[in-house]
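# Examining the three-dimensional arrangement
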Amino acid sequence: MSQKQEEENPSEETGEEKQDTQEKEGILPERAEEAKLKAKYPSLGQKPGGSDFLMKRLQKGQKYFDSGDYNMAKAKMKNKQLPSAGPDKNLVTGDHIPTPQDLPQRKSSLVTSKLAGGQVE
Amino acid sequence: MLPGIGTLIQDMLWCFCQMKGTIEFGSTEADIISTVEFNHTGELLATGDKGGRVVIFQREQESKNQVHRRGEYNVYSTFQSHEPEFDYLKSLEIEEKINKIRWLPQQNAAYFLLSTNDKTVKLWKVSERDKRPEGYNLKDEEGRLRDPSTITTLRVPVLRPMDLMVEATPRRVFANAHTYHINSISVNSDYETYMSADDLRINLWNFEITNQSFNIVDIKPANMEELTEVITAAEFHPHHCNTFVYSSSKGTIRLCDMRTSALCDRHTKFFEEPEDPSNRSFFSEIISSISDVKFSHSGRYIMTRDYLTVKVWDLNMENRPIETYQVHDYLRSKLCSLYENDCIFDKFECVWNGSDSVIMTGSYNNFFRMFDRNTKRDVTLEASRENSKPRAILKPRKVCVGGKRRKDEISVDSLDFSKKILHTAWHPSENIIAVAATNNLYIFQDKVN
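Residues numbered from 1 in each chain as written. Chains lettered and ligands numbered in written order. Predicted model: local features only at pLDDT ≥ 70, side-chain atom pairs only at ≥ 80, totals over all residues. Heavy atoms only, no water.

### Considerations on the overall build of chain B
Counting its secondary structure elements, chain B contains two helices and 32 strands. On the principal axes, the C-alpha backbone points of chain B span a range of 95 × 60 × 45 Å. In chain B, which comprises 449 residues, the share counted as buried stands at 55%. Taking the contacts inside chain B whose residues are at least 6 apart along the sequence as the reference set, 55% of them involve residues at least 24 apart. Counting only carbon and sulfur atoms, one obtains 49% of the accessible surface of chain B, whose full area is about 20100 Å². Within chain B, the 64 negative side-chain charges are centred at a point lying 4 Å from the centre of the 57 positive side-chain charges. (Helix = DSSP H or I, 4+ residues; strand = E, 2+ residues; numbered from the N terminus. Buried < 20%, exposed > 50% of the residue type's maximum accessible area, 1.4 Å probe, protein only. Contact = heavy atoms within 4.5 Å. Areas by Shrake-Rupley, 256 points an atom, 1.4 Å probe, with all protein chains shown as cover. Lys, Arg positive; Asp, Glu negative; His and termini not counted. Charge placed at Lys NZ, Arg CZ, Asp CG, Glu CD.)

And the structure:
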C-alpha cells in the first residue's frame, strides 16, 4: 500500500532523459525544458518570471468591447491596422482595444448548482 | 477519535463515500468547484463554484441501524453568493467565481461564513426556520388581506411547526477595498476581525464595519516597472490574533506581528529556502511561487505548496523548511509543455489533518497525495467515477517515470492535465476528506474496521 519516498535529487536523470541523445549527460531536466522553450520562442524575455508574468496576473479578467475606446483608437490609428486581440500581453488599459470580431460568447444564465441537485453515490 | 494516533498511512485505507455533481457530459464552466471548506465542527461542508454559487452540505446524524456507515453529507442550503459585475472604467468583467470560503466559529444557532470573489467579501448567515406563526387577524393563511368587516373576534397568533427551511441571507457586504484580485481571506482568532489579501495589499476588517478597512500590508512599488513579486496567500495564526503570514510568488513567506506597527510592511520573520544558483533555470521562479500557505492546527508550523512540492516550516526556523515532500517531481521534465498550456500556473492548495500528522494536496489526472509526517510514507489516490462504489477501497496509484511500465501504473505522458485537483478539505477531527475534481465533489472516509 505504501510507497518509499523518492530521494530528492533534481540532477538525477530520468528515463526520458536517457533517451534524448541531444542532451548532455547529467543536465538538469529543467534546463533541458528551458532549452526546448527557448528554441520554440526565441524572443522570450531574458528576465524569467519578471514583470511580464506579474503584470499578466494583475490584469486577469475578460476585456469587453467598448465602442468609445474602439472609435477613439480607430481615429488615432487612421490608416494603420487596429491591433488584434489575442492571447497576448497588451495590458495597458486603453491601448488594447477588443474589436467587434473578438466579442466573447454570452454567458449562460444563472441556474442552481448541480451539486445541489440529485446526488450520485 | 483522533486521527494520526496509532494510525499509519499504510494501515489507513480510504473508501469512497459519496460523489456530488452530475456525471453527464456538458456540464458548464459555472459548475467548476473553486473552493471547499469544512466548518469548525465538521458538521457542515461548503463548496463555492465558478458560477458564484455556494452549496452547503450537512452531515446527517448517525443512525443506530447502520453503525458501520458514518453520517453522510446531504445538501443543506444553496444560494447565489456573488453575481458577475462589470468595471465600466476598465471595461473589465469582475468574475463571480468564489475564490475562498471561510467559516466563522459557531456562536449561536445560526451559521456564518465569509465568501469572496475577486473584489467583494460577503458575510452570509445560514439559519433554520422550523416554526411559523399562524392565526393572523388581518390576513388569511395565504397572506391575503382579509376584509376588515368580516373580522369580529381577536385572536393571538401561535407558532406552529413547519417543514424545515434553511435560509441564507447576506448580512454584510465588504466592497471596494481591493484594486487587485482577492486571493485569500482569513478569520482572526479574536472572531472580531478578518483579513482579505490581494496581489499587492492586505486589508484588516471588523465584521461590523463594511465601509472601512485598515490596510496592513502594501507591497505595491512606487513604480510598477519595479514589481518583482506579488502576494499569493495569507492566513492568520490560529491562536495569536496579532500574528499572520503571507506568501509570495518568489517562494518566500513573511510572518507579521500587528503589534509592531500599523502597517506591517516590515516582516517579523522571513522564511526562505536558499537556492543553489547552479540549479537555476527559466522555470525556477515560476515553480517556486507559493500557491497556498496554511498554519498547522497547533500553530507551530506552516505548510506551503509550490508547483512541485509541499513544505513544512517550523516558525522558529526561518532559513529552511523542516520537511519537503515531492508531489509530482516527474513533471520537471515536462515543464516546457506545462508552461505552454499554462498548467505551470495552476494553484494547488494543501491541507493538514486534524492532528497535524498527515498533509494532503492535489495533483493532475484527478490524483491527490497524502504524506504522513511521522512515518514519512506517502500515498497517491485517485478521485474517479470508476472507483465510485459505496465503501469501495481506494487503490493506491503510481506514476511510471520511464522505462517499463507496470500493469497498474500510468505513464507521465498519459496523465490528463485537464483533470486537476486544486481544492481539498480535511474534516477537523475525523478521517473524512472532501476532494473537488473539476465539477464533482468526492467525499472519502477511512475504512471503519
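Moving on from the model shown.
### So, the pattern of salt bridges
By the definition in use, this model includes 35 salt bridges over all chains. Put simply, Arg-254 of chain B and Glu-229 of chain B hold a salt bridge, and the shortest N to O gap is 3.1 Å. Highlighted residues: Arg-254 of chain B in strand E18 (residues 253-257) and Glu-229 of chain B in the loop between strand E15 (214-218) and strand E16 (231-236), separated in sequence by 25 residues. Classification of Arg-254 of chain B as buried rests on a relative accessible area of 14%. On the basis of relative accessible area, Glu-229 of chain B is assigned to the buried category, the value being 15%. Taken together, the shared-partner salt bridges connect Lys-114 of chain A together with Asp-31, Asp-49 and Arg-53 of chain B into one network. (Salt bridge = Lys/Arg side-chain N within 4 Å of Asp/Glu carboxyl O.)

### Regarding the pairing of strand E31 (residues 432-437) of chain B
All names here are of chain B. Counting buried positions over the six residues of E31 gives six, a clear majority of the element. Going residue by residue along E31, you find Ile-432, Ala-434 and Ala-436 tucked away on one face and Ile-433, Val-435 and Ala-437 tucked away on the opposite face as well. Bridge count for strand E30 (residues 423-426) against E31 is four bridges, and the pairing is antiparallel. Its bridge partner lying in E31, Thr-424 is registered against Val-435. (Pairing = 2+ DSSP bridges.)

### Concerning the interface of chain A and chain B
When the parts come together, some accessible area is lost, and that loss is often what is quoted as the size of the interface. The partner chain B presents 91 residues to the 51 residues of chain A that form the contact. Roughly 6100 Å² is buried in total at the junction of chain A and chain B, and carbon and sulfur atoms are behind 54% of that figure. At the junction of chain A with chain B, the criterion picks out three salt bridges. For the salt bridge of Lys-114 of chain A with Asp-31 of chain B, the shortest nitrogen-to-oxygen distance reads 2.9 Å. Looking at the side of chain A that touches chain B, the elements that each hand over two or more residues are helix H1 (15-19), helix H2 (29-40) and helix H3 (51-58) of chain A. Looking at the side of chain A that touches chain B element by element, the count peaks at eight residues for H2 of chain A. Considering only residue class, the side of chain A that touches chain B consists of 18 nonpolar, 15 polar and 18 charged. (Buried area = accessible area lost by both parts, 1.4 Å probe. Nonpolar A, V, L, I, M, F, W, Y, C, P; charged D, E, K, R; others polar.)

### Thoughts on the sheet that holds strand E32 (residues 440-446) of chain B
All names here are of chain B. Read across the open sheet, the four strands follow the order E1-E32-E31-E30; overall the sheet is antiparallel. Lying at the two open borders of the sheet, with one neighbouring strand each, are strand E1 (14-20) and E30. Averaged over all adjacent pairs, the angle separating strand axes in this sheet is 20°, with direction ignored. Inspection of the sheet shows E1 paired to E32 by six bridges, in the antiparallel sense. (Axes fitted to C-alpha atoms, helices over the stretch in contact; angles between N-to-C directions.)

### Re the environment of Ser-77 of chain B
Residues and elements named next belong to chain B. Within the secondary structure, Ser-77 is located in strand E5 (residues 73-80). As for Ser-77 and Ser-127, which are separated by 50 residues in sequence, their C-alpha atoms are 9.4 Å apart. Ignoring sequence-local partners within four residues, the contact set of Ser-77 consists of Val-54, Val-55, Ile-56, Val-126, Val-166 and Ala-168.

### A closer look at the environment of Leu-331 of chain B
Residue and element names in this part refer to chain B. By the element assignment, Leu-331 lies in the loop between strand E23 (323-326) and helix H2 (335-340). When its relative accessible area of 0% is taken as the criterion, Leu-331 is described as buried. Residues Leu-331 and Leu-308, spaced 23 residues apart in sequence, show a C-alpha to C-alpha distance of 7.7 Å. Setting aside chain neighbours within four positions, we find Leu-331 in contact with Tyr-307, Leu-308, Leu-338, Tyr-364 and Phe-417.

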